[in-house]
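Listed below, chain by chain, are the residues.
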Amino acid sequence: MEGVDKSGVWCRYMANLVRTQVMLEPDLLAELRQLAEEKGLSVSEVVRRASRSLVAKLKPKKMTGVEFLRKLADNPFKGDAPSDLGSNDEHLYGKLAPDYKGKK
Amino acid sequence: MILIDSDAFTGLSYIKDAHNKRANRIMKSLEGEELLTSWQVVDEVATKLSYFTTKKLAINFLKWLSKSDIEIVYVDSKLAKIVVKKFKAQKSKRVSLTDCTNMVIAKEMGVKKIFSFDKVYEKNGFKLLS
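Because the structure is predicted, anything quoted here is derived from the model rather than measured.

Engineer: So what about the overall build of chain A? Which residues, and what values?
Structural biologist: When helices and strands are tallied, chain A shows 3 helices and 2 strands. Helices and strands appear in chain A in the N-to-C order β-β-α-α-α. Here chain A, with 104 residues, has 12% of them falling under the buried criterion. Long-range contacts, defined as pairs at least 24 residues apart, comprise 26% of the intrachain contacts of chain A with a sequence gap of at least 6.

Engineer: Give me the lowdown on the sheet that holds strand E2 (residues 35-38) of chain B, citing residues and values where you can.
Structural biologist: Residues and elements named next belong to chain B. Spatially, 5 strands are ordered E3-E2-E1-E4-E5 in an open sheet, and the strand pairing comes out parallel. Only two strands of the sheet have a single neighbouring strand rather than two, namely strand E3 (71-73) and strand E5 (127-128). Note: E2 against E3, 3 bridges, orientation parallel. When the sheet's bridge partners are listed, Leu-36 is paired in E3 with Glu-71.

Engineer: I'd like to hear about the packing of helix H1 (residues 6-13) of chain B against helix H2 (residues 20-27) of chain B, residue by residue, with values.
Structural biologist: Geometry of a packed helix pair, given as the angle between the helix axes and the separation of the axes. Residues and elements named next belong to chain B. As a packed pair, H1 and H2 sit with axes 8 Å apart at the nearest point and diverge in direction by 105°. Of the possible angle classes, the one that applies to H1 and H2 is roughly perpendicular. On H2, the residues touching Ala-8, Gly-11 and Leu-12 of H1 are Asn-20, Ala-23, Asn-24 and Met-27. Here the residues of the contact of H1 with H2 sort into 4 nonpolar, 3 polar and no charged.

Engineer: Outline the confidence of the model for chain B, supporting the account with residue identities and numerical values.
Structural biologist: Chain-level pLDDT for chain B is 95 on average; 100% of the residues reach the 70-or-more range. For this predicted complex, the interface score ipTM comes out at 0.89, alongside a pTM of 0.76.

Basis of the calculations
- Residues numbered from 1 in each chain as written.
- Chains lettered and ligands numbered in written order.
- Predicted model: local features only at pLDDT ≥ 70, side-chain atom pairs only at ≥ 80, totals over all residues.
- Helix = DSSP H or I, 4+ residues; strand = E, 2+ residues; numbered from the N terminus.
- Buried ≥ 20, exposed ≤ 12 C-beta atoms within 10 Å, placed from the backbone.
- Contact = placed C-beta atoms within 7 Å.
- Pairing = 2+ DSSP bridges.
- Axes fitted to C-alpha atoms, helices over the stretch in contact; angles between N-to-C directions.
- Parallel < 35°, antiparallel > 145°, perpendicular 65-115°, else oblique.
- Nonpolar A, V, L, I, M, F, W, Y, C, P; charged D, E, K, R; others polar.
- pLDDT = per-residue confidence, 0-100.

Rendered as structure tokens:
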């Protein structure tokens, strides 16, 4: 669903918003209402924006691809395995693959 | 955007792998690049690591990958049909379905470079990192 908010900004509203109840201190609620009024937004929208911002801030950040590769490289297997493990698919699908019979 | 194949991941994960040093060198040149791989590659690497190194390393590979921003591309039925066509078109019987999946994903996503040591990609018009 789309529409124009109080400030005239074209917004896309999520059709599947879920009603919830939040307990707030009266002074915080008063500040939220004032802020919403000043910005031309609903209190709900202010709470949504603040929540999104907090979630983005607190959510664990993902490693970059290179950081992941470096983690692999920094923790390599140092035992004995075929030296062509990476390049030879026989180790996976062919005659060099481990025999499952009798093994757990 | 660069697609990573199984041998690159395995090369980095096993210190005695024939490609370990080259894989480490190439890795250092990837800073800032957008990286992706296919679910088929993830499957191969985790299985190989589990078979030949330790289950713990295989699980760490999966865990760390899920915490990284490397995109894992999953094949749907539409893409699978293109993969099968690609597989049929390969003259060598040594080209795996995973290789073909990677090539189709790369083509569909406009990826020209592949982090791999498998010459089959060059034969199919992709550039291998060196």
